[in-house]
Amino acid sequence: MKIIETKNYQETSLVAADILAEQVRKKENSVLGLATGSSPEGMYSELIKMYKNGEVDFSKVISVNLDEYFGLGPDNNQSYRYFMNKHLFDHVNIRKEYTYVPDGLTKNPEQECKAYDQLIEDLGGIDLQVLGMGLNGHIGFNEPADYFTAGTHLVCLEESTIEANSRFFASKEEVPTKALSMGLKSILSAKKILLIVHGKAKQEILMKAIHGPVTPQLPASILQLHPNVTVVCSFNE
Ligand code: GLP
């Protein structure tokens, strides 16, 4: 595991954007596993700047997102599809039809989850998976549990996650209680993983994830088993 501690969020975003842009330069049709949340937001802004300066070309890139709130559709401004359009896809030359996010409005979650795993397999797996990490150590929406879940699945969100994510909603009651999340098999099958962590509040849990025992109670700890993980982090605020 390679750990790059930077001096602040701005630098974290720049370093992360360089890693992702480098991946796309090396393989123009890369399959990128993308994440939402405040952690990768700065990286997306940097990538938009790089695209506008002609430094990166997304025209052949394919993306698969980690997760989506169950019950929220693309037009809902709290959905992760909406987030991705707003923070990246609408501003670069990625082909929208090759950007995949689980369908939060599915009537048949079980089938949607199977189809999502099949899609990832059909794409030949993920070249670079971007991850953020929740305050409880979750990755995607793989919450602390007694076991690791392999495939895409419907998750009941932890109270603490609902609380943490309520900062993006008008009230806590509006936060969906369930989500569709990629499982740990797809995440760990990615050829490379880029974990972005920012903030004092996440420093201790990150240290446990990196140096402590591998346990489903701290989902990010499973990344210790992956041969090519880069952690870009800053803890200054
Ligand atoms: C959400 C997302 C995760 C994200 C995490 C951390 O619950 N499902 O993919 O990594 O929260 O979010 P943030 O980066 O905003 O702290």
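Computed from a predicted model, the values in this text were never measured in an experiment.

*Asks:* Lay out the pairing of strand β3 (residues 62-65) with the relevant residues and their values.
*Replies:* Every second residue of β3 is oriented toward a common face, with Ile 62 and Val 64 on one face and Ser 63 and Asn 65 on the other, all of them buried. The pairing of strand β2 (residues 31-34) with β3 spans four bridges and is parallel. Of the residues in β3, the one forming a bridge with Gly 33 is Val 64. Traced from β2 through helix α2 (residues 38-52) to β3, the parallel crossover comes out right-handed.

*Asks:* Quick one: what's the story with the side chain of Lys 202, residue by residue and with numbers?
*Replies:* Looking at the element boundaries, Lys 202 is found in the loop between β9 (192-198) and α7 (203-211). Buried charge without a salt bridge: Lys 202, with Glu 41 as the nearest opposite-charge side chain at an N-O distance of 11 Å. Here the side chain of Lys 202 touches Met 133 through a polar contact of 2.8 Å, landing on its backbone oxygen.

*Asks:* Explain the pattern of salt bridges to me, using residue names and the numbers behind them.
*Replies:* Enumeration over the complete set of coordinates arrives at nine salt bridges. Here Asp 127 makes a salt bridge to Lys 27, at a shortest N to O gap of 3.0 Å. With Asp 127 in the loop between α4 (109-122) and β6 (128-131) and Lys 27 in the loop between α1 (9-26) and β2, this residue pair connects regions lying 100 residues apart in the sequence. With relative accessibility at 32%, the residue Lys 27 sits in the partly exposed group. Between Asp 127 and Lys 191 there is a salt bridge, with its nearest N and O atoms 3.2 Å apart. Of this pair, Asp 127 sits in the loop between α4 and β6 while Lys 191 sits in the loop between α6 (184-189) and β9, and the two are 64 residues apart along the sequence. Given a relative accessible area of 47%, Lys 191 falls into the partly exposed group.

Criteria and thresholds
Residues numbered from 1 in each chain as written. Predicted model: local features only at pLDDT ≥ 70, side-chain atom pairs only at ≥ 80, totals over all residues. Heavy atoms only, no water. Buried < 20%, exposed > 50% of the residue type's maximum accessible area, 1.4 Å probe, protein only. Helix = DSSP H or I, 4+ residues; strand = E, 2+ residues; numbered from the N terminus. Pairing = 2+ DSSP bridges. Right-handed = clockwise from strand over helix to strand, strands pointing away. Lys, Arg positive; Asp, Glu negative; His and termini not counted. Salt bridge = Lys/Arg side-chain N within 4 Å of Asp/Glu carboxyl O. Polar contact = N/O pair within 3.5 Å; in protein donor to acceptor, adjacent residues only side chain to side chain.

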